[in-house]
Amino acid sequence: MKFRVKAADLIFIILSLALIAGSLLFIARHGNGTPRAIIKVRDTEYIYPLNMPQTLTFHGELGPATVIIRDNAVFFQESPCRDKICIHMGEGRKDGDFMACLPNRIIITVENSR
Amino acid sequence: MSSTESRKLIPFLAALCLFLAAVEYAIPKPLPFLRLGLANLPIIISLFLLKPRETLLLIFLKIIGQGLITGTLFSYIFLFSASGSFASGLAMMGAHRLFGRKISAIGLSLAGAAANNIAQLAVAYFVLFGSATKYIAPILFISGGITGFLLGLFTDRFMERSKWFRSLIGTGTEEEKQA
Amino acid sequence: MVQVTDRNRDRGRETGMSRKSFFTQSINPNTLFLGTMACLLPFLFLRSLLFIFIEMLLFITLNYLKKGKIKLLPSIIIIVSLVFFNLLTPVGKVLFRIGHFPITLTALTIGLRKGLILTGMVQISKFAMGRNLHFPGKAGILVGRTFACFDRITAMKIDLAPSQLITSIDDALTKVYSTMEMGTEEHPAAVRTTKYGKIFLLAMISLCWILFLIQGINL
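Note that the coordinates shown come from a computational prediction; the quantities given were computed from them, not determined experimentally.

### Let's talk about the overall build of chain C
Stage number 1. Helix and strand counts for chain C stand at nine helices and two strands.
Stage number 2. Along the chain direction, N to C, the helices and strands of chain C fall in the order α-α-α-α-α-β-β-α-α-α-α.
Stage number 3. Taken over 219 residues, chain C has a buried fraction of 42%.
Stage number 4. Sequence-distant contacts, at least 24 apart, represent 76% of the contacts inside chain C between residues at least 6 apart.

### What to know about the interface of chain C and chain A
Stage number 1. Contact residues are listed per partner, giving ten residues for chain C and nine residues for chain A.
Stage number 2. Carbon and sulfur atoms make up 59% of the area that chain C and chain A hide from each other, which totals about 800 Å².
Stage number 3. At the boundary of chain C and chain A, one finds one salt bridge.
Stage number 4. Across the pair A:Glu45 and C:Arg97 runs a salt bridge, and its minimum N-O distance is 3.1 Å.

### Description of the pattern of salt bridges
Residue and element names in this part refer to chain A.
Stage number 1. Inspection of every chain in the model, using the stated rule, returns eight salt bridges over all chains.
Stage number 2. Glu 61 is paired through a salt bridge with Arg 42; the nearest N and O atoms lie 3.9 Å apart. Here Arg 42 lies in the loop between β1 (35-41) and β2 (44-49) and Glu 61 lies in the loop between β3 (54-59) and β4 (64-70), a separation of 19 residues in the sequence.
Stage number 3. Residue Glu 61 is classed as partly exposed on the basis of its relative accessible area, which comes to 43%.
Stage number 4. Residue Arg 42 is classed as partly exposed on the basis of its relative accessible area, which comes to 40%.
Stage number 5. Between Asp 97 and Lys 94 there is a salt bridge whose closest N-O contact spans 3.4 Å.
Stage number 6. In this structure, a network of salt bridges that share partners links the residues Arg 42, Glu 61 and Arg 105.

### Considerations on the state of the cysteines
Stage number 1. The final tally for this structure, using the stated rule, is zero disulfides over all chains.
Stage number 2. Here A:Cys86 stays unpaired: no disulfide links it, and the sulfur of A:Cys101, its closest cysteine neighbor, is 3.7 Å away.
Stage number 3. The closest cysteine sulfur to the non-disulfide-bonded B:Cys17 is located on C:Cys149, 12 Å from its own sulfur.
Stage number 4. Classification of B:Cys17 as buried rests on a relative accessible area of 0%.

### Some words on the sheet that holds strand β7 (residues 106-112) of chain A
In a beta sheet, neighbouring strands are held together by backbone hydrogen bonds and run either parallel or antiparallel to one another.
Stage number 1. Spatially, six strands are ordered β6(A)-β7(A)-β1(A)-β2(A)-β1(C)-β2(C) in an open sheet, and the strand pairing comes out antiparallel. Where the open sheet ends on each side, the last strands, each with one partner, are β6 (98-101) of chain A together with β2 (101-104) of chain C. The sheet shows a mean angle of 35° between the axes of neighbouring strands, taken without regard to direction.
Stage number 2. In this sheet, β7(A) lies alongside β6(A) in antiparallel orientation, the contact comprising four bridges. Within β7(A), the residue paired with A:Cys101 across the bridge is A:Ile106.

### Here we look at helix α3 (residues 29-44) of chain C
Residue and element names in this part refer to chain C.
Stage number 1. In a regular helix each residue adds 1.5 Å, so 16 residues correspond to 22 Å; α3 covers 23 Å between its end C-alpha atoms and thus fits that length.
Stage number 2. Every buried residue of α3 is accounted for by Pro 29, Leu 32, Phe 33, Gly 35, Thr 36, Met 37, Cys 39, Leu 40, Pro 42 and Phe 43.
Stage number 3. The opening residue of α3, the one whose side-chain oxygen lies 2.8 Å from the backbone nitrogen of Asn 30, is Asn 28.

### A short note on the environment of B:Ala132
Stage number 1. Within the element layout of this structure, B:Ala132 appears in the loop between α5 (105-129) and α6 (137-161).
Stage number 2. The sequence separation of B:Ala132 and B:Leu13 amounts to 119 residues, and the corresponding C-alpha distance is 37 Å.
Stage number 3. With residues near it in sequence (within four places) discarded, B:Ala132 still touches C:Phe85, C:Leu88 and C:Thr89.

Conventions and cut-offs
Residues numbered from 1 in each chain as written. Chains lettered and ligands numbered in written order. Predicted model: local features only at pLDDT ≥ 70, side-chain atom pairs only at ≥ 80, totals over all residues. Heavy atoms only, no water. Helix = DSSP H or I, 4+ residues; strand = E, 2+ residues; numbered from the N terminus. Buried < 20%, exposed > 50% of the residue type's maximum accessible area, 1.4 Å probe, protein only. Contact = heavy atoms within 4.5 Å. Buried area = accessible area lost by both parts, 1.4 Å probe. Salt bridge = Lys/Arg side-chain N within 4 Å of Asp/Glu carboxyl O. Disulfide = S-S within 2.5 Å. Pairing = 2+ DSSP bridges. Axes fitted to C-alpha atoms, helices over the stretch in contact; angles between N-to-C directions. Expected span 1.5 Å × (residues − 1). Polar contact = N/O pair within 3.5 Å; in protein donor to acceptor, adjacent residues only side chain to side chain.

Shown next as structure tokens:
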């Protein structure tokens with residue numbers, strides 16, 4: 001089969017190869033994904049990506065607690081516990097951050113997906 | 001090409017697009033969304049036979065025709081295929097306009113395939129899959145690159161060998177394809 | 001040597017475009033189109049997954065009645081793949097884990113919703129399309145001519161052996177092209193909508209809108 005490839009054809013051949021390489025590289029670099037909050041309420045787990053702002057209510061041992069996801073961070077806003085230590089633990093943003101309301105049995109950890 | 005001739009050619013090529021799309025549908029594929037892009041062949045040919053405005057009309061006819069035949073004219077699927085066809089059509093027109101004689105059907109077909117995939121990935125991202133879309137991208141680009149190349153090759157040979165094509169070229173067009 | 005044509009001609013029959021059913025005989029194609037489109041809007045704004053599922057089933061049934069057979073596999077593949085890809089981004093309550101990977105409720109719901117709405121949309125739009133749908137104006141003529149050519153090309157025999165492929169395609173194209181008619185095509189007399197046809201349309205539209213409006217009350 002005769003190949004009659006012209007000059008400009010090469011541009012698009014290279015472009016096609018670049019797209020393949022680029023998309024593979026993109027996955028390699030961003031495969032980790034955005035950080036997400038793992039919220040454990042008694043024995044049930046909930047997962048929420050930190051890049052989707054929302055207000056959540058969870059019913060722990062003592063009562064309802066409000067957890068907020070905002071600006072790529074997660075924190076306790078309200079809690080029925082006595083000392084409110086969980087609220088003072090501040091916000092979690094990156095892999096390893098951690099907040100817990102032990103009396104209410106709600107634990108929040110932040111991790112990178114995958 | 002006279003306007004009477006082009007008024008005849010445009011629906012004919014559109015019909016050819018639909019026919020090739022039907023043929024493609026009949027061919028079993030490992031993954032349903034990997035397109036062979038056969039329906040692009042008449043569009044590439046039209047770049048050498050018709051004025052740009054007419055090619056654009058052809059693209060619209062192809063899109064609407066496919067929507068009507070598959071019955072998906074009012075669904076997200078149509079959005080998907082329409083954006084792909086539209087993007088690839090525009091890309092091929094642009095590449096042809098930009099490079100003229102320096103580009104053959106191979107390059108045009110690759111340009112179309114790339115544009116098709118990019119557009120469809122964009123729609124998939126916003127409407128369907130969100131961030132999981134990135135995992136489909138490499139497969140699409142690889143298959144698009146291969147099928148685009150092969151289709152371009154086939155179109156090239158077709159234009160060279162087809163008497164029907166040659167008879168139409170001879171009626172005086174904007175660009176002459178070198179034999 | 002395989003002949004492409006027979007398969008395609010059969011497919012033309014399979015799509016049931018020329019099949020006679022209550023719908024094609026008692027309802028004018030344009031009316032069917034407009035009536036069905038009136039159902040599309042309330043469908044898109046349905047919130048309850050259950051309602052979406054029910055209405056999707058309704059239109060699948062209608063399409064089956066209209067065409068005599070129906071291909072559900074593509075729709076199933078679409079729904080499954082949408083659910084699969086949406087599950088890849090876990091959101092919401094964790095139902096169980098596959099190995100290390102969490103399967104979450106909200107992600108599942110989102111995927112299902114997208115899949116069911118998409119399938120529903122496709123079924124609605126398929127139901128709306130009938131043969132001899134008149135498109136107004138110049139566009140209509142072009143579309144009509146395109147389909148006329150399409151019918152003729154599909155009827156051609158094409159030799160698939162590689163050495164003969166281009167030649168046989170070429171010959172088929174030459175033949176159809178040179179005998180293309182350019183006159184204004186005659187539209188066969190359009191079906192008029194009967195009393196029962198009208199009742200059906202009314203029922204269908206009402207049902208779709210009722211499903212939509214109920215949600216506002218129930219939540």
